[in-house]
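Tertiary structure, described
In case you want the letters, here they are:
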Amino acid sequence: MIKLYNVSKTYAKSTVKAVDDLTLDINAGEIFGFLGPNGAGKSTTIKMLTGVLTPDSGTIEIDGVNLADNPIAAKSIEGFVPDNHEIYDTLKGIEYLNFIGTMYGMPTELLKQKIAEYAALFDLTEALPNMIGSYSHGMKQKLSIIAAVIHDPKVWILDEPLTGLDPQSAYQLKQLMRAWADRGNTVFFSSHVIDVVEKVCDRIGIINHGKLVAVDTLENIRADGKLSLEDMFLTITSDGERK
Amino acid sequence: MRKYLSLVKMLFVQQYKTRVTSLPGKKRRFGSVMLYLLMAVCFAPLLISVAVAMYYMGKFSQGDLYVGTFLMLACQGFVLMFGVHSIMSNVFVVKDAERLLFLPVRSPVIFFAKLTVAYLNELLTSALAIAVALVPFGLGAGAGVGYYLTLPAALFLILLLPMLFGSIIAMPLSALVTLFGKNSAIKTILRIVIYVLIMALYMYVMYSFGFLTGSENGNFLDNPEVVIKDLMDGFVERLQSVMPYFHSDYMLMMCMLATNAGEWFVGMALTLIENFALLAVMFAVSLPFYRKMLAMSVEGSGSSERRGKKTYSVKNRGVVREFIRTDVKRTLRDPQVGFQSFAGLIMMPVIVVILYFFMGLSSEGDSSFLEFIGITPLYQVIAPLVIMAYMTFLGCSTNVLGLYPVSRENRSLYILKSLPVPFGKILLAKVLLSTAVMLTGDFVSCVLIVALFGIKWYYGLAMLATMALIGFGSMCICTMLDLRQPKIGWDNFNQGLRNAKNSWIAMFIAFLCVLSLVIVSVPFVVLYGLTDGEGWYFSLCMWIMDLALGVGFAAVTYKIMNGKASKYFDRIEV
Ligand SMILES: Nc1ncnc2c1ncn2[C@@H]1O[C@H](COP(=O)(O)OP(=O)(O)OP(=O)(O)O)[C@@H](O)[C@H]1O
Ligand SMILES: [Mg+2]
């Protein structure tokens, strides 16, 4: 569903590769967890997947559509939850959702229905008529999540989605991610929280200094040996540090 | 003290920092230098003419104390209008509250640091303007060395009074604005209206001292010296009764123009004491206000918003329409951006009205003058041209909506980049919006011009069309510039963006446009004049040429913008 071939990116103002020759293939119906220490290149990868950044080299395919050649088609089957919470502060929550729905070309009735459904799920209905500027961190996060799923994306990409959520919402989100993948869609998310990754993901990838250092299913990792995911993560990523 | 100094340093430096997020070109430094040089050349005539006027002011008044004080006051008014207003409101805009409040520093220190930064900003931007007025005045007046030695100190002191006024005005303003309520869009509009009123008041006060009115001694050409002396005497007389009330300025001027040490000393001492008192008053008055704003910003105004209407219709209105709708809401509700973006719209018509009063076209019920001049053929050709040139310059250089279409998005720009909407559509929406705003301003101004200046309606129409076309063209260029190197990550729209390079470039482009308009038109005006107003076809040709210029400019710039925009947009790193 998501395919990256030899994708690299160096920021204009920097000399190190934030993402270095990354190749990944993520299947339909799977939840993929993307792990790595701070500054490893997770957010950069995610931004390239969603068309926010253009890769320097390499190609990205979303459901067989080349992102560079046909960005509109590719983006319209994606939903994106960013790690920052810079949403339009001077809009009301409901106005923002209406804006996003319109941009994804949703018909009015469907949009209404979806907003009601997801706002209820994340307990945000009350807050929707208020300005986003008055929202708490977690409320903005929830709004971002809702905005990313109302158009029923085949590929759902989340950057550290669980930070700031209360236990109920975190639970709802995990359930929703599972349900999403079970319907044959793909969920791609980055996280630092190994417990969550262990519980939710079908497959994980670990990135360090822009390079993919491990990709495997959780079963394989568990079957492999005595190492827990946490130990494995620590060994793999600390290698890079020592060099 | 150390905390205070490091706070000042941090705040001062921080306001100029934005994350430039696109590839820098190679020859940037050189280009900037050239740009500033060009700007200097363009603005030199204006500065020089102000300087010359001030020189003669000094000369004819022979360094009169009252005239000097008036000059100082006029400078302060200018500073108040164009600088302090926005800067002071930024002292009270407490977006950074959460970043500062947790520091182990008492809030008066923070507030004083913010005031200091505002003061430094003001000093940077207006010291030159004040010097351009005061130095030639001294030269003209033949002032002694003491004048110039005291001048640097004066530059520092002069700013205090407008800052006091600025902070005092800012308080009832925001109280009034809060009174009117929940709707932040209305607040922005209210803010603009009040600003315009204050500006008109300033103009009116300055005008009421009427430098050029009240000579009975006959003809200027026969006897210029007498007439000038007469005018000056009348002027001084009017000032005499008012100026001493602005005592700190009066003392400062006295000190500057002092001819002996005693006078200098007395003046300096008094002005220092008085200015210090001003500062203390300002601090005492506005600190509680600052605290209140802080408390409000941290606690949020959620309670009042909850009472707001709960009905909002969810509806798909089509991409471009929805985009424009949200863009308007977002800018209008944002106090900083909204004010900047829509003030220009109201400013233009107001300036037309002010111009009308200034030119004395309304004076003494003498409508016959306007009627007379209205039927003069040459007036009908020249006046629209002059006004149009002026308004084009103003309109193009103040169109903030068009100037920063992308930087305005600030940190949430990633949203636009991740949407499945072709950038062409986003661009179209942005351009449509700023064109609409600009057109509204142009339209109202043109109607006013036709109504007030007795210009024939068809000339008004031609003006409108030309102005719209040229405005559109310059906007295309500005959009492209902003796309090429957007400034993202600002906290203070004024400091981070408004004064950035693009504003200067926009002004420069506007200047070039006006210049080409004038160059194209002047030959026809001359020909028309030579035929004694018989050759109407020359006037027609002139407008056709102007319009053609407008169409060409708009078409070419639009084409260039469209070709480059999406490439630039993709390149931006958010
Ligand atoms: N706008 C930018 N300009 C320049 N360099 C950047 C920019 N954003 C990120 N980087 C650099 O790119 C590298 C990867 O950053 P990225 O944000 O992808 O890390 P991350 O894995 O998401 O980290 P975290 O876990 O902290 O979110 C880092 O070295 C960072 O310094
Ligand atoms: Mg990240």
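Details of the structure are given in the entry above.
Residues numbered from 1 in each chain as written. Chains lettered and ligands numbered in written order. Predicted model: local features only at pLDDT ≥ 70, side-chain atom pairs only at ≥ 80, totals over all residues. Heavy atoms only, no water.

Remarks on the overall build of chain B
The helix and strand tally for chain B stands at 23 helices and two strands. The 574 residues of chain B split such that 51% are buried. The contacts in chain B between residues at least 6 apart in sequence include a share of 84% that link residues at least 24 apart. (Helix = DSSP H or I, 4+ residues; strand = E, 2+ residues; numbered from the N terminus. Buried < 20%, exposed > 50% of the residue type's maximum accessible area, 1.4 Å probe, protein only. Contact = heavy atoms within 4.5 Å.)

Points about the pairing of strand β4 (residues 57-62) of chain A
All names here are of chain A. Sheet topology note: the strand β1 (residues 2-10)/β4 ladder contains five bridges and is antiparallel. Bridge pairing in β4 links Tyr-5 to Thr-59. Linking β4 back to strand β5 (residues 65-66) in an antiparallel pair, the connection comprises two residues, with Asp-63 at a positive phi of about 50°. (Pairing = 2+ DSSP bridges.)

Focus: the packing of helix α16 (residues 377-398) of chain B against helix α20 (residues 457-484) of chain B
All names here are of chain B. The interhelical angle for the contact between α16 and α20, taken along N-to-C directions, is 25°, at an axis separation of 10 Å. Judged by the angle between their axes, α16 and α20 are roughly parallel. For the pair α16 and α20, the sense of crossing is right-handed. On the side of α16, the interface is formed by Gln-380, Pro-384, Ile-387, Met-388, Met-391, Thr-392 and Cys-396, while α20 contributes Tyr-459, Met-463, Thr-466, Met-467, Ile-470, Gly-471 and Ser-474. Of the residues that constitute the contact of α16 with α20, the class distribution is nine nonpolar, five polar and no charged. (Axes fitted to C-alpha atoms, helices over the stretch in contact; angles between N-to-C directions. Parallel < 35°, antiparallel > 145°, perpendicular 65-115°, else oblique. Left-handed = near helix turned anticlockwise from the far one by under 90°. Nonpolar A, V, L, I, M, F, W, Y, C, P; charged D, E, K, R; others polar.)

Observations concerning empty space enclosed by the protein
Tallied over the full model, the rule gives six cavities of 30 Å³ or more. The calculated volume of the largest cavity comes to roughly 140 Å³. Looking at the lining of the largest cavity, the elements that each hand over two or more residues are α3 (93-103) and α5 (137-149) of chain A together with α18 (413-418) of chain B. Here the lining of the largest cavity is composed, by residue class, of ten nonpolar, two polar and no charged. Taken as a whole, the second largest cavity encloses approximately 100 Å³ of empty space. In this structure, the second largest cavity is lined by Ser341(B), Gly344(B), Leu345(B), Met348(B), Gly395(B), Thr398(B), Asn399(B), Val437(B), Met438(B) and Gly441(B). Looking at the lining of the second largest cavity, the elements with two or more residues in it are α14 (335-358), α16 and α19 (423-452) of chain B. Counting residues per element, the lining of the second largest cavity draws most heavily on α14(B), at four residues. Split by residue class, the lining of the second largest cavity holds four nonpolar, six polar and no charged. (1 Å grid on protein atoms, 1.4 Å probe; cavity = no way out; pocket = protein on both sides within 12 Å on 5 of 7 lines; lining within 4 Å. Points joined across faces, edges and corners; volume = space filled by probe spheres on them.)

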